[in-house]
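Observations on chain architecture
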Amino acid sequence: MKSLLATVKSFVANLLLWSFFVGGLAASTASGAVLDGTAKNAATYTGIAVSLLAGSRIAKKPKIKAFLSKRSTLWFLFLFNGGVAAFCYLSMDGVKGIATAAGMGLVSLGAAGGLISGRRESAAKARVEEPWA
């Protein structure tokens, strides 16, 4: 069993990590309503960088990693992000629509890669367990 100090330390670390993630998302999406010009661009790109860094650290946690590697989660990510990519490409004009569609399409392709690699692993595992089949 973990000590009280270790539990509090873990809680504070998780709280800070999630706070940076949410703060980065907020800064990247809401900076246009508050700032203009160069400051808006700096806040947007800094928010994107902070949220990506914090999100990648969150994704490495065992419970989140297990959730993201489930087949049902991967299918949802593949279909939802693929649909959003197609919708954004068709409904938004110019570079914004293309960039949004490309980003969402990459997430969808990443989920498809997870589905394919999971299928290969299960097939290889079946061959090892039953070599006579």
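Shown above is the structure to which this text applies.
Presented here is a report on the structure given in the accompanying data block.

Quick notes on the overall build of the protein chain
Looking only at helices and strands, the protein chain features 5 helices and 0 strands. For the protein chain, the proportion of its 133 residues judged to be buried stands at 17%. A sequence separation of at least 24 residues applies to 49% of the contacts in the protein chain between residues at least 6 apart. Total accessible area on the protein chain stands at roughly 10100 Å², and carbon and sulfur atoms take up 71% of it.

Thoughts on the packing of aromatic side chains
Under the definition given, this model contains 3 aromatic pairs. Taken together, a centroid distance of 5.4 Å and an interplanar angle of 15 degrees make the contact between F76 and F80 stacked. Placement of the pair is F76 and F80 together in helix α4 (residues 71–91), with a separation of 4 residues, close to one helical turn.

Describing the environment of F78
Mapped onto the elements of the fold, F78 is located in helix α4. You can call F78 partly exposed: its relative accessible area is 27%. As a C-alpha pair, F78 and L115 span 37 residues in sequence and 8.9 Å in three-dimensional space. In this structure F78 touches S108, A111, A112 and L115, once residues within four positions along its chain are discounted.

A look at the side chain of T73
Summarising the element assignment, T73 is placed in helix α4. We classify T73 as buried; its relative accessible area is 9%. Sequence-distant contacts of T73, that is, excluding residues within four places in its chain, are made with F67 and L68.

Examining a nonpolar patch on the surface
Together, L4, V8, F11, V12, L15, L16, F20 and V50 give the surface a local cluster of nonpolar side chains, amounting to about 780 Å² of exposed area. Ranked by the residues each element gives to the nonpolar patch, the list is headed by helix α1 (residues 4–34), at 7 residues. Following the sequence through the fold, F11 ends up in helix α1. Given the relative accessible area of 56%, F11 is considered exposed.

Examining α4
Look at α4: 30 Å from first C-alpha to last across 21 residues, which is about the 30 Å you get at 1.5 Å a residue. Of the positions making up α4, those classed as buried are T73, L74, N81, A85 and C88. The arc enclosing the buried residues of α4, seen along the axis, measures out at 95 degrees, which places them on a common side. Set apart from the buried face of α4 by more than 90 degrees, the exposed residues are S72, F76, L79, F87 and L90.

A few points about a positive patch on the surface
Together, R57, K60, K61 and K65 make up a positively charged patch on the protein surface. You can see K60 is positioned in the loop between α2 (37–59) and α3 (62–68).

What counts and how
- Residues numbered from 1 in each chain as written.
- Predicted model: local features only at pLDDT ≥ 70, side-chain atom pairs only at ≥ 80, totals over all residues.
- Heavy atoms only, no water.
- Helix = DSSP H or I, 4+ residues; strand = E, 2+ residues; numbered from the N terminus.
- Buried < 20%, exposed > 50% of the residue type's maximum accessible area, 1.4 Å probe, protein only.
- Contact = heavy atoms within 4.5 Å.
- Areas by Shrake-Rupley, 256 points an atom, 1.4 Å probe, with all protein chains shown as cover.
- Phe/Tyr/Trp six-rings, centres within 6.5 Å; stacked < 30°, edge-to-face > 60°.
- Patch = residues over 30% accessible without salt bridge, like charges linked within 9 Å, V, L, I, M, F, W, Y side chains within 5 Å.
- Salt bridge = Lys/Arg side-chain N within 4 Å of Asp/Glu carboxyl O.
- Expected span 1.5 Å × (residues − 1).
- Arc of directions from axis to C-beta.
- Lys, Arg positive; Asp, Glu negative; His and termini not counted.
- Charge placed at Lys NZ, Arg CZ, Asp CG, Glu CD.

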